[in-house]
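Summary of the model geometry
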Amino acid sequence: MEPVSRTAAAGRVLVDFQSVMEQFLEIEQHVLGLYSRHETRVPSARREPRERRAAGSSLSLPLNLPVPDTSTIAQPGGVMRLTPRAVMRPAPETRVALARDHVVLLTDDGRGVCTGLADRLRATGHRVAIVSRERDGAAGDTYYSALDSEADVDRLVQQIASDRGPIAALVHLVPLSATPRFDDVDVAAWTDRLAAETRSLFLLAKALRAPLQGAAGSGALVAAVTAMGGAFGCEHGAAAHDIFPGSGGVAGFLKCLALEWPTVRVKAIDVDGSDALDVLTRQIFEELWIADTSVEVGYIGGRRMGLEMSPLPATTAHPFAIGSDSVVLATGGARGITAEVCLELAERYQPTFVLVGRSPLPEPLERPDTSSLTSSSDLKKALAQRLRAGDPRVTPVTVEKAYQRLIREREVRRTMSALVAAGSRVHYVALDVQDWRALGTLIDDIYAAYGRIDGVIHGAGVIEDKLVEHKTVESFDRVFATKTISAFALSRQLRLESLRFAVFFTSVAGRFGNRGQADYAAANEVVNKLARVISLRCPNRVCAVNWAPWDATGMVTPELRREFEQRGVSLLQPVDGRRAFWEEIQQQASDPAEVVIAGVRGMTLSAPAPVPPAVQSLPLLNGAQRRSGAAGAVQYMRPLDPAVDLPRLSRW
Ligand SMILES: NC(=O)c1ccc[n+]([C@@H]2O[C@H](COP(=O)([O-])OP(=O)(O)OC[C@H]3O[C@@H](n4cnc5c(N)ncnc54)[C@H](OP(=O)(O)O)[C@@H]3O)[C@@H](O)[C@H]2O)c1
């Protein structure tokens, strides 16, 4: 076994960064909600075969990689700032065969790619079933489904299996169908299109889990094709201006599915929709057999592309100021990390805030029977007593709900009084941001009352973590719509030309995927692309910040914090997150609109850190494994797979 201490410095930096990101994702599961107990720790999608793990004693990194300048990674504020960029990713040699006695299910794009692909598959001896969303298209091996109801999609899958045989592959081409121009869509068209592209993919994946996992030895595949220019909108210029941001949900969903379904190949393929039909058909057909494990793959001008994370330089301050006469709209701003960044702005500029949340505004003062209590057990006891006075049959569930409400109310009160103490004026508006009409009316009212909205922070979001097969449609819709409808409504209702800044809060779960968060990741990826598109229509700074987990008030219990400390893991400290936010809104309008910000305070990126006992053999996401050697140093992790890791990391 080759100890890391004998590998090149470059290798150490790369692996350390890789492990940092893996740990962030793992921690985010803790911070944003744990899986239900029976779902913990199912095998990861990226787990390496046993023999490769055993043989992987040395890091298979070429030693001539450029050594990153860690000063650009770990910035003075204790944060890393990164952005996804498109890079060439030539296809590896290895191909996977799709079993000919199994069915490839294609959803129809209606513009000819599906027809061409089906012809090629039939010509190579494969069985095909096409699902058309046009009722009169059904005939022969073409089936009709609107792909909008769980029961219908279940029936459809059963019908195809019974007519044509076991299904081994899904190729979802609906997102390729004539893409609407973003500037032309209204909320109804936006919602319909997102449902057709991403929600239908969720329904199909849910219905196909058993057949696809059962076809693991037959080349099982889930692929979906979007038309965001060939690099998921991550290239600059006119192409990015015209992307349909709703398509981002497809890759967000699939990155999670890849982690949840280790035995199925999962691909999000992005193409340039203006390429000729035969070019698109050939690219997609060839991609179906390619055996690498990159989920995001694209094609630009015939070149195969991938995405990699690229460090952004330390932020440079540009002349920026909002004044005490400015108005900032913050959805989700009364609690959590959005409240933290509002406080940063309040302390610096004292603007007027309009905060939005679903909870009703609490009474100014807490009731005396709980106001002096702090521990959860004392509070629950007092609440049980209060509730029992009204109804002697109080259940623990009712007490827990009352406790959660009380904690939320305390947080809202704390935020409001801290903002006021800093010199700001604060309005709190209780509304559900999924209600786009109400959100639109609020925005109109703010313009009517103040004549301006200078800044927007869109932090409202919910998580309801469950693996795809356990997720209900209602839950998917809630998590997905909370971010995607509201972000769209903002894009339509705000006067972009006079905005000083707009920041959409998204998550590393969207950028990298995370088990149990397919809906949340899909929503975040839609918002990432939406921020990109809006930034090209706004003269000032608009961005989506993909936050790694914060060590924020109320989110991380003392027990959890201790666990992180023992693991040597750094959460984003509120002081660093607040500063990073402030620095981010000072960036130029032309800066990348999708930014990942992660905390690295106290972490050593340039040398292997000693491994605390709690970290030994800690299973990490993506199948990486840590081992502790005699000297307590990291000895090996997952052997890096050049096809997966080098394109992702070689720019470092
Ligand atoms: N905390 C982290 O470490 C972290 C990491 C990555 C990304 N993020 C992102 O940062 C944002 C804030 O996260 P957080 O952890 O601070 O969350 P949080 O503490 O749960 O706060 C969420 C806020 O959003 C509001 N909200 C939720 N659904 C809403 C709806 N439908 N309409 C109106 N308001 C709604 C909530 O208010 P009510 O409950 O009153 O509705 C609350 O004020 C989210 O977008 C999240 O994706 C956070």
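Throughout, residues of each chain are indexed from 1 in the direction in which the sequence is written. Local features in this predicted model are restricted to residues of pLDDT 70 or higher, and side-chain atom pairs are both shown and tallied only at a pLDDT of 80 or more, whereas totals for entire chains, interfaces and linings draw on every residue. Derived side-chain values reflect all non-hydrogen atoms in the structure, with water molecules and hydrogen atoms excluded from consideration.

So, the packing of aromatic side chains
Aromatic rings considered in pairs are described by the distance between their centres and by the relative angle of their planes. Two rings belonging to Phe, Tyr or Trp (six-membered ring only in the last case) form a pair when the distance between their centres is within 6.5 Å. Interplanar angles under 30 degrees mark stacking, angles over 60 mark edge-to-face geometry, and anything in between is tilted. Applying the stated rule across the entire model yields twelve aromatic pairs. Seen in terms of ring centroids, Trp-190 and Phe-488 are 4.7 Å apart; in terms of plane orientation they differ by 15°. Their pairing is stacked. Residue Trp-190 is located in helix 6 (residues 187–214), and its partner Phe-488 is located in helix 15 (residues 473–493); the two are separated by 298 residues in the primary sequence. Summary of the burial criterion: residues with accessible area below 20% of their type's maximum are buried, those above 50% are exposed, and those between are partly exposed, where the area comes from a 1.4 Å probe applied to protein chains only. For Trp-190, a relative accessible area of 0% puts it in the buried group. Of the residues examined, Phe-488 reaches a relative accessible area of 0% and is grouped as buried. Each member of the aromatic cluster is reached from another via a ring pair, and the members are Phe-501, Phe-505, Trp-547, Trp-550 and Phe-581. Only Lys NZ and Arg CZ are tested; either one counts as a charge over a ring when it is within 6 Å of the ring centre and within 35 degrees of the ring normal. Between the NZ or CZ atom of Arg-348 and the centre of the ring of Trp-582, over which it lies, the distance is 3.4 Å. Only DSSP runs of H or I reaching four residues or more are called helices, and only runs of E reaching two or more are called strands; each is numbered from the N terminus.

Description of helix 5 (residues 150–164)
Every α-helical turn comprises 3.6 residues, leaving residues that sit three or four positions apart pointing alike. In this scheme, a helix's expected span is set at 1.5 Å multiplied by one less than its residue total. A rise of 1.5 Å per residue sets the reference length of helix 5, with its 15 residues, at 21 Å; its end C-alpha atoms lie 21 Å apart and thus fit the reference within 8%. Along helix 5, the residues that are buried comprise Val-153, Leu-156, Val-157 and Ile-160. Each buried residue of helix 5 sits inside an arc of 95° when the element is viewed along its axis, so together they form one side. Across from the buried face of helix 5, at angles greater than 90 degrees, the exposed residues are Arg-155, Gln-158 and Ser-162. Two residues qualify as a contact provided that any one of their heavy atoms is within 4.5 Å of a heavy atom in the partner residue. Of the surrounding secondary structure, the elements contacted by the buried residues of helix 5 are strand 2 (103–107), strand 3 (127–132), strand 4 (142–144), strand 5 (167–172) and helix 6. Looking at the residues trailing helix 5, positive phi occurs at Gly-165, about 115°. The arc under discussion is defined with respect to the helix axis, by the directions toward the C-beta atoms.

Quick look at the packing of helix 6 against helix 15
Orientation is described by axes fitted as lines to C-alpha atoms, over the contacting stretch for helices, and by angles from 0 to 180 degrees between their N-to-C directions. Axis separation between helix 6 and helix 15 bottoms out at 11 Å; the angle between their running directions is 145°. Classified by chirality, the crossing of helix 15 by helix 6 is right-handed. Of the residues in helix 15, those in contact with Val-187, Trp-190, Thr-191, Leu-194, Thr-198, Arg-199, Phe-202 and Leu-203 of helix 6 are Val-473, Phe-476, Asp-477, Phe-480, Thr-484, Ile-485 and Phe-488. Gly falls in the polar group here, along with every residue not listed as nonpolar (Ala, Val, Leu, Ile, Met, Phe, Trp, Tyr, Cys, Pro) or charged (Asp, Glu, Lys, Arg). Class assignment of the residues belonging to the contact of helix 6 with helix 15 gives a composition of ten nonpolar, three polar and two charged. Each crossing gets its handedness from the near helix: less than a right angle anticlockwise from the far helix is left-handed, clockwise is right-handed.

Details of the site of the ligand
Lining the immediate surroundings of the ligand are 28 residues, of which Ile-337, Arg-358, Ser-359, Asp-432 and Tyr-520 lie closest. Contact between the ligand and Arg-358: an oxygen atom at 2.6 Å from a side-chain N or O atom of the residue. Polar contacts here mean pairs of N or O atoms no more than 3.5 Å apart (in protein, one a potential hydrogen donor and the other a potential acceptor; neighbouring residues in sequence count only if both atoms are side-chain atoms). Ser-359 places a side-chain nitrogen or oxygen 2.4 Å from an oxygen atom of the ligand. Within the complex, the protein chains bury 94% of what would otherwise be the 880 Å² of accessible surface of the ligand. Elements with a contribution of two residues or more to the shell around the ligand: helix 1 (9–31), helix 10 (336–349), helix 15 and strand 14 (501–507). Near residues are defined by distance, with any heavy atom within 4 Å of the molecule or strand qualifying the residue. Using the Shrake-Rupley algorithm and a 1.4 Å probe, accessible areas are obtained, with residue cover drawn only from the displayed protein chains.

What to know about helix 4 (residues 113–123)
Buried within helix 4 we find Val-113, Cys-114, Leu-117, Ala-118 and Leu-121. All buried residues of helix 4 project into a common sector of 125° when viewed along the axis, lining one side. As for helix 4, its buried residues are in contact with strand 2, strand 3, strand 5 and helix 9 (277–287). Immediately downstream of helix 4, the backbone of Gly-125 shows phi near 85°, a positive value.

A look at the confidence of the model for the chain
On a scale of 0 to 100, pLDDT captures the predictor's confidence in every residue. Mean pLDDT over the chain works out to 81, with 76% of the residues at or above the 70 mark. Every residue in residues 1–19 is under pLDDT 50, and counting partners more than four places away or in other chains gives 49 contacts. For the stretch residues 27–73, pLDDT sits under 50, and the model shows 120 contacts to residues farther than four places along the chain or on other chains.

Regarding the pairing of strand 3
Among the six residues that make up strand 3, five are buried, leaving the element largely enclosed by the rest of the structure. Assignment of crossover handedness uses the view with strands pointing away from the viewer, where a clockwise path from the first strand over the helix to the second indicates a right-handed crossover. In terms of handedness, the path from strand 2 via helix 4 over to strand 3 forms a crossover that is right-handed.

As for the pattern of salt bridges
The working definition used for a salt bridge is a side-chain nitrogen of Lys or Arg within 4 Å of a carboxyl oxygen of Asp or Glu. A full pass over the atoms with the stated rule returns 38 salt bridges. Among the ionic pairs, Lys-255 bridges to Glu-525, the shortest N-O distance being 2.9 Å. In this pair, Lys-255 is assigned in helix 8 (residues 248–260) and Glu-525 in helix 17 (residues 518–535), connecting sequence segments 270 residues apart. Of the residues examined, Lys-255 reaches a relative accessible area of 5% and is grouped as buried. A salt bridge links Glu-464 to Arg-478, with the shortest nitrogen-to-oxygen separation between them at 2.7 Å. One end of the pair, Glu-464, is in the loop between strand 13 (455–458) and helix 15; the other, Arg-478, is in helix 15, and 14 residues separate them in sequence. Of the residues examined, Glu-464 reaches a relative accessible area of 25% and is grouped as partly exposed. A relative accessible area of 37% places Arg-478 in the partly exposed class.

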